[in-house]
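Chain residues, written in single-letter form:
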Amino acid sequence: MTDLAGVEQRWAAYFRWGPYGMLAAGALLSLATVDVVGMSAAERYTALALTGAAVVLQLAWGRWSRERPLAPSAPGACYYFVRWALGFALSWCNPFFAFYAAAGFVGPERLLRGHALQLGLLGTAVTIAGSQSGGMPPRGPLAWAVFGGLLCIHIALIVVFGRLAAREEERTRIQTGTISELERTNAALQQALDENAALHAQLLVQAREAGVADERRRLAAEIHDTIAQGLAGIIAQLQVVANTPDPDLARQHAARATDLARHSLGEARRSVHNLAPVALAHDGLPEALEKTASQWSERTGVHVRFTVTGTVEQLHDEVAATLLRIAQEALSNTARHAHATRVGVTLSFMGDEVTLDIRDDGRGFDRTAVRERTSTGGFGLPGMRARAERIAGSLTVESEPGHGTAVSARVPLVRHD
């Protein structure tokens, strides 16, 4: 659209200044050929007056069209035919003034339309053919024959170039329509992208809220199944201590209450740790995973190799926390069940996805026999899978008895806000 605006500006500049140049060229050539052409004194004064009138016409047209779009109109048609009349009269005085008359061949469709356009082109062709045949009016049969032949040639050229111009105008119209349609399509696409971004943000918020709700339900179930039951057991043991006169029995139940209190305290600490991963407070996910793996290796004595592949991205807090918790749970399962000697932890950044792989060379297990909860109160593999699915990810497990275990969590790469 910018190119079209530039073309219109150039056409406007031509209609304002072009006829001045063509009039000046005709006047100079006519002045140089006064004696050759044989202009009389009356023709000289007439040409001078007509030249002044042409200048006045151009000044008036330039003032009128300065703030108006260039398009066929009644004032434009009036300007064209007055200019043609001046050019015809000047060419009658001296054929070299046909340079000024030739302005009627340049861009007439921007001033005229329909029959007026055809009439204007025919009048200009008559003027040019007359000047080329030796001046108006033709003198003698031969001059008239030359004039007729030149006029036919000009009319044929007008028809040919008119058709070419019509085809070019149609092509330009189609191109302009295509550009407009592309602009509308691009605007609609941009609007769709904006709506998609807003929807993505909304879904992320909803996923985060759903994750919070799931975490609350998980903690509620875990507290009910572990800490609450432990506290109930402690109360029962202390009631026995309070109601028995036997010192040995009292000490036995007090010891049981103490064991239950320690166990409940451990469960409470584990729940708090799972709720807020401290490892991500000051480090990114790669650093947090490396420290977690190193600390786990020191506690268990099992060699751990940690690897990062791809270009590291700053992940969204929920994504980083989910992957860290999956890694902690996987390592915890390895320590409790695998009896492994080597463990590999790999964090891979792959375009729009992040993958976490934990592999061990332990004894493996039969996947069809996995229970929903482990004997120690954890959620195990189903819990890790639920964490991954909570952020639109997935978790796969490959294991066979005696051939180790591989856990792979694949989640979308959502960057930090």
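In case you missed it, the structure is sitting above this.
How each quantity is defined
Residues numbered from 1 in each chain as written. Predicted model: local features only at pLDDT ≥ 70, side-chain atom pairs only at ≥ 80, totals over all residues. Heavy atoms only, no water. 1 Å grid on protein atoms, 1.4 Å probe; cavity = no way out; pocket = protein on both sides within 12 Å on 5 of 7 lines; lining within 4 Å. Points joined across faces, edges and corners; volume = space filled by probe spheres on them. Helix = DSSP H or I, 4+ residues; strand = E, 2+ residues; numbered from the N terminus. Nonpolar A, V, L, I, M, F, W, Y, C, P; charged D, E, K, R; others polar. Buried < 20%, exposed > 50% of the residue type's maximum accessible area, 1.4 Å probe, protein only. Expected span 1.5 Å × (residues − 1). Phe/Tyr/Trp six-rings, centres within 6.5 Å; stacked < 30°, edge-to-face > 60°. Axes fitted to C-alpha atoms, helices over the stretch in contact; angles between N-to-C directions. Parallel < 35°, antiparallel > 145°, perpendicular 65-115°, else oblique. Left-handed = near helix turned anticlockwise from the far one by under 90°. Contact = heavy atoms within 4.5 Å. Salt bridge = Lys/Arg side-chain N within 4 Å of Asp/Glu carboxyl O. Patch = residues over 30% accessible without salt bridge, like charges linked within 9 Å, V, L, I, M, F, W, Y side chains within 5 Å. Areas by Shrake-Rupley, 256 points an atom, 1.4 Å probe, with all protein chains shown as cover. Pairing = 2+ DSSP bridges.

Undergrad: Where do I start with empty space enclosed by the protein in this structure?
TA: To find leftover empty space, one rolls a probe the size of a water molecule over the atoms. Counted by the stated rule, this structure contains one cavity of 30 Å³ or more. There is about 40 Å³ of room inside the largest cavity. Considering the residues around the largest cavity, the lining is formed by Tyr 80, Arg 83, Trp 84, Tyr 100, Ala 101, Ala 103, Gly 104 and Thr 124. Contributing elements (two or more residues each) for the lining of the largest cavity: helix H4 (74–93) and helix H5 (98–101). Considering each element in turn, the lining of the largest cavity owes the most residues, three residues, to H4. Considered class by class, the residues forming the lining of the largest cavity number five nonpolar, two polar and one charged.

Undergrad: I would appreciate a short explanation of unusual backbone geometry in the present structure.
TA: Most peptide bonds are trans, and most residues other than glycine sit at a negative phi. Despite not being glycine, His 339 has its phi angle at roughly 55°, a positive value. In this fold, His 339 is placed in the loop between helix H10 (317–338) and strand E2 (342–350). Judged by relative accessible area, which is 58%, His 339 ranks as exposed. If you check the backbone angles, Ala 392 has positive phi at about 65° while not being a glycine. Assignment of secondary structure puts Ala 392 in the loop between helix H11 (380–390) and strand E4 (394–399).

Undergrad: Got a minute to help me understand H10 in this structure?
TA: Think of an α-helix as 3.6 residues a turn; residues three or four steps apart then line up on the same face. In this model, H10 (22 residues) spans 30 Å end to end at C-alpha, consistent with the 32 Å of a helix rising 1.5 Å per residue. Of all 22 residues in H10, 16 are buried; the element is thus mostly enclosed. At the C-terminal side of H10, His 339 shows a positive phi close to 55°.

Undergrad: I'm lost on the packing of aromatic side chains in this one. Help?
TA: Under the counting rule described, the total for this entry stands at seven aromatic pairs. Each ring, one from Trp 61 and one from Trp 64, has its centre 5.5 Å from the other, and the planes form 25°; the classification is stacked. Taken together, the residues span about one helical turn, with Trp 61 and Trp 64 both in helix H3 (residues 41–65) at a distance of three residues. We classify Trp 61 as buried; its relative accessible area is 6%.

Undergrad: Got a minute to help me understand the packing of H4 against helix H6 (residues 115–132) in this structure?
TA: When two helices pack together, their arrangement is given by the angle between their axes and by how far apart the axes lie. Put simply, H4 and H6 touch, their axes get as near as 10 Å, and they point 15° apart. Relative to H6, the element H4 is oriented roughly parallel. The two elements H4 and H6 cross, and the hand of that crossing is left-handed. In this structure, H4 contributes Tyr 80, Phe 81, Trp 84, Gly 87, Phe 88 and Ser 91 to the contact, and H6 contributes Ala 116, Leu 119, Gly 120, Leu 121, Gly 123, Thr 124, Val 126 and Thr 127. Counted by class, the contact of H4 with H6 contains eight nonpolar, six polar and no charged residues.

Undergrad: It is not clear to me how the pattern of salt bridges should be interpreted in this structure. Could you clarify?
TA: Inspection of the entire model under this criterion finds eight salt bridges. Between Glu 353 and Arg 410 there is a salt bridge; the shortest N-O distance is 2.9 Å. On the criterion of sequence distance, the pair formed by Glu 353 in strand E3 (residues 353–360) and Arg 410 in strand E5 (residues 405–412) is long-range, its members being 57 residues apart. Residue Arg 410 is classed as partly exposed on the basis of its relative accessible area, which comes to 36%.

Undergrad: What am I meant to see in the packing of H3 against H4 here?
TA: The interhelical angle for the contact between H3 and H4, taken along N-to-C directions, is 160°, at an axis separation of 10 Å. By the angle between their axes, H3 is roughly antiparallel relative to H4. Handedness of the crossing formed by H3 with H4: left-handed. Each of Glu 43, Thr 46, Ala 47, Leu 50, Thr 51, Ala 53, Ala 54, Leu 57, Gln 58, Trp 61 and Trp 64 in H3 lies in contact with H4, whose residues at this interface are Pro 75, Gly 76, Tyr 79, Val 82, Arg 83, Leu 86, Ala 89, Leu 90 and Cys 93. When grouped by side-chain class, the residues that make up the contact of H3 with H4 number 14 nonpolar, four polar and two charged.

Undergrad: Before we go on, may I ask you to explain the environment of Leu 117 in this structure?
TA: Positionally, Leu 117 belongs in helix H6. Sequence-distant contacts of Leu 117, defined by excluding residues within four places in its chain, comprise Pro 108, Glu 109 and Leu 112.

Undergrad: Just to check I follow, could you spell out a nonpolar patch on the surface for this structure?
TA: Together, Leu 29, Val 36, Val 37, Phe 96 and Phe 99 make up an exposed nonpolar region whose accessible area comes to about 430 Å². Locating Phe 96 in the fold gives a position in the loop between H4 and H5. Since its relative accessible area comes to 33%, Phe 96 is described here as partly exposed.

Undergrad: Would you explain the sheet that holds strand E1 (residues 303–309) in this entry?
TA: The pairing of strands in a sheet comes from backbone hydrogen bonds and takes either a parallel or an antiparallel form. A sheet is described by the order of its strands in space; here five strands give the open sequence E1-E2-E3-E5-E4, paired in mixed fashion. Both edges of this open sheet fall to E1 and E4, since each of them pairs with a single strand only. Averaged over all pairs of adjacent strands, the angle between strand axes in this sheet comes to 10°, irrespective of strand direction. Pairing between E2 and E3: eight bridges, direction antiparallel. Each bridged residue has a counterpart across the sheet, and for Ser 348 the counterpart in E3 is Thr 355. On the sheet, helix H9 (residues 285–300) packs against E1, E2 and E3 and is oriented at approximately 170° with respect to E1.

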